[in-house]
Amino acid sequence: MSDANTNRSESESGHDHADHHHAGPGYATPQAAIEESERETLAYVMGLYVGTDIDEPDFVAVVDLDPDSETYCEIVDRVEMPARGDELHHFGWNACSSSCHVEGLERRHLIVPGQRSSRIHVIDTKDRRDPELVEVIEPEEVFEYDLSAPHTVHCVPDGKILLSMLGDADGELPGGFLELNDDFEIEGRWEPPGEIEMNYDYWYQPRQNVMVSSEWAAPATYQPGFDLEDVEDGKYGQQLHVWDWEEGTVEQTIDLGEEGLIPLEVRFLHTPESTHGFVGAALSSNVFHFWEEDGEYRAEKVIDFEAREHPDWDMPVPALPTDILISMDDRYLFGSNWLHGEVWMYDVSDPANPQRADSLSVGGHFGEVQEVQGRELAAGPQMVQLSLDGERLYWTTSLFSTWDDQFYPEEAERGSVMLKADVDPRKGTLELDEDFLVDFGECPAGPARAHEIRWPDGDCTSDVWQ
Amino acid sequence: MPSHDVTLEWINGPTRTVAVDADETVLQATERAGGTLPYGCRTGACGTCVGRLLEVDGVTKADDRTGDGRAVDVDDAFTYRRAPRALKPRHQDDGYVLLCIASPRADCRVAVGSQVQSELVDNPWK
Ligand code: FES
């Protein structure tokens, strides 16, 4: 089942290694990814039925993104999970550019965890338009390591795969990290247990021997829904953890304070030498810059989104920036304000002083655009993904089924959409592409939610350089 | 094997009665009978499978004359295999029950389906 023994023609993988003289998957540098990649022609997107009365499992959708294709903007295939109840959320590749020089490895298998179920699936994308489920790790196998609620998947050097786990076997704290080997078997816990309490996303910079992880809450806290009482009781996170990447130990914990409540997505700059990165604090609606100085990491708030008054709401509505990403050239930071209904881009050429470049007001509770092609939008922009050349930004609209139900109950009835904006990196502008709409409300079994987006040839939120 | 009849009532939807053995959960018995209920973790941590208790042994919430608001008490109707971690004390007092880990000790009626889950929390800003 290892990728090392499989053969695949260069044309099929769409990525010619002969061009840049190395073996293994991915691109030699972020710049090579920009220059050598072709336009994305399909996307894998998480589709969900968990928590609805539609008696179907969650699925991974194959979305046609080729404007010359007859099925452009359509879901052309769906890989169904074997059981219901997963809440597919984030996923990742078995190999990325960090394994660039590992001969024989291919970026071919998607590791697809169930957030609620703790079931971990492996999908073979050898045939890109017709991927198939090949392995399943059952929840009981995961619980044996006193972990649950798998979240972020990154491949790590040598063909291994690391998953951040948000809870213990009971759905309480502490969380930790689970490591899989290149045969997709559980290798064990990656870190000595007890290094952290809360967990969420993580990103590593191997050349700097550093990893940074963030904090959501215990699964038993966030899974039933968002409750302000839990915030008041300190059950939501506000810390970053700086790890020794090789040792798997926490070297430093940074408390972001009240301005850093619920720090979610962590993004290092793509340049492997860089020690700069960003994290979005969803509840306090801020973005923090972190960087290394004199052997220590520091973090500082650099973007602050103001809450807005809404005529139908009793209290000012927070922006809730739930996802951020950095363009492959490290020039722009993109993100989404799920409640306000906004996608935004900041110039981060000077990471300590982001400059607002442009934004788009679409969906959410305040968006100027509330329908596309006559299709009413049921929620704000959420997970974002950018083309490798930085010219097309795509997003979906579901955050988490139980949280969707609180803030956008209509999404259960209408399903999510996937939308796109054209980006002009030279001028620093965003423009909604009104011709682009993927409607997850039209799925055969009924309206589905849509979450994270991945490209087969690597993307701005999964590739790391060794 | 003693069993109890649990009547599952979907809000604005169908009703179905399932005989649940003392050593199985409501979710397991429903699946054994070829039915479905929403679920996620199956360990009591996520709340996806939650139901709201309506009646125990013929006594409904509306029949409550004791004044303590506990005429329909989850403890009278179910035993849990493990702690219902996804439910707060206020939810348990209001009769919510996690059907993935609960086995009945009495005949009862329970409101079920994803709408019950969405009752657990509301929008705090609205
Ligand atoms: S399925 Fe998660 S609490 Fe019952």
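Report on the accompanying structure. Bear in mind that the values here come from a model prediction, so they are computed numbers and not experimental data.

## A word on the pattern of salt bridges
Opposite charge on two side chains allows them to pair when their charged atoms are near. Using the criterion set out here, one finds 42 salt bridges over all chains in the structure. The salt bridge partner of Asp227 of chain A is Lys88 of chain B, with a shortest N-O separation of 2.9 Å. Remark: Lys88 of chain B occurs in the loop between strand S5 (78–80) and helix H3 (89–93) and Asp227 of chain A occurs in the loop between helix H4 (219–222) and helix H5 (228–232); the pair is interchain, linking two chains. For the salt bridge of Lys420 of chain A with Asp422 of chain A, the shortest nitrogen-to-oxygen distance reads 2.9 Å. Looking at Lys420 of chain A, the relative accessible area reads 3%, which means it is buried. A single network of salt bridges, built from pairs that share partners, joins Asp227, Glu229 and Asp230 of chain A together with Lys88 and Arg90 of chain B.

## Digging into the nonpolar core
Grouped burial of nonpolar side chains is what soluble globular proteins tend to show. Residue and element names in this part refer to chain B. Grouped together as the largest cluster of nonpolar side chains are 36 residues, with contacts concentrated most on Leu8, Leu37, Leu53, Phe78 and Val110. At the level of elements, strand S1 (3–10), strand S2 (15–21), helix H1 (26–32), strand S3 (50–56), helix H2 (74–77), strand S6 (96–98) and strand S8 (108–112) are the ones that each hand at least two residues to this core. When neighbours within four sequence positions are excluded, Leu8 is seen to be in contact with Pro14, Thr15, Arg16, Val18, Val26, Thr30, Leu37, Val110 and Val112.

## Focus on the sheet that holds strand S10 (residues 176–180) of chain A
Residue and element names in this part refer to chain A. Overall, antiparallel pairing links the four strands, which are arranged S8-S9-S10-S11 in an open sheet. In the strand order of this sheet, the two ends are held by strand S8 (148–156) and strand S11 (186–189), each with one partner. Going from strand to strand, the sheet's axes swing by 25° on average, the running direction of each strand aside. Where S8 and strand S9 (residues 160–167) come together, six bridges link them in antiparallel fashion. In the strand pairing of S9, His154 is matched with Leu162.

## Points about the interface of chain A and chain B
At the interface, 37 residues of chain A touch 28 residues of chain B. For the pair chain A and chain B, the summed buried surface comes to about 2600 Å²; carbon and sulfur atoms form 53% of the total. The partner of Arg90 of chain B in a salt bridge is Glu229 of chain A, with the nearest N and O atoms 3.5 Å apart. Applying the counting criterion to the chain A and chain B interface returns 15 residue pairs in polar contact (both at pLDDT 80 or more). The biggest single contributor to the side of chain A that touches chain B is helix H6 (residues 401–407) of chain A, with four residues. Counted by class, the side of chain A that touches chain B contains 16 nonpolar, nine polar and 12 charged residues.

Definitions and cut-offs
Residues numbered from 1 in each chain as written. Chains lettered and ligands numbered in written order. Predicted model: local features only at pLDDT ≥ 70, side-chain atom pairs only at ≥ 80, totals over all residues. Heavy atoms only, no water. Salt bridge = Lys/Arg side-chain N within 4 Å of Asp/Glu carboxyl O. Helix = DSSP H or I, 4+ residues; strand = E, 2+ residues; numbered from the N terminus. Buried < 20%, exposed > 50% of the residue type's maximum accessible area, 1.4 Å probe, protein only. Core = buried A, V, L, I, M, F, W, Y, C linked by side-chain atoms within 4.5 Å. Contact = heavy atoms within 4.5 Å. Pairing = 2+ DSSP bridges. Axes fitted to C-alpha atoms, helices over the stretch in contact; angles between N-to-C directions. Buried area = accessible area lost by both parts, 1.4 Å probe. Polar contact = N/O pair within 3.5 Å; in protein donor to acceptor, adjacent residues only side chain to side chain. Nonpolar A, V, L, I, M, F, W, Y, C, P; charged D, E, K, R; others polar.

Function cannot be read off these values alone, since they describe shape.
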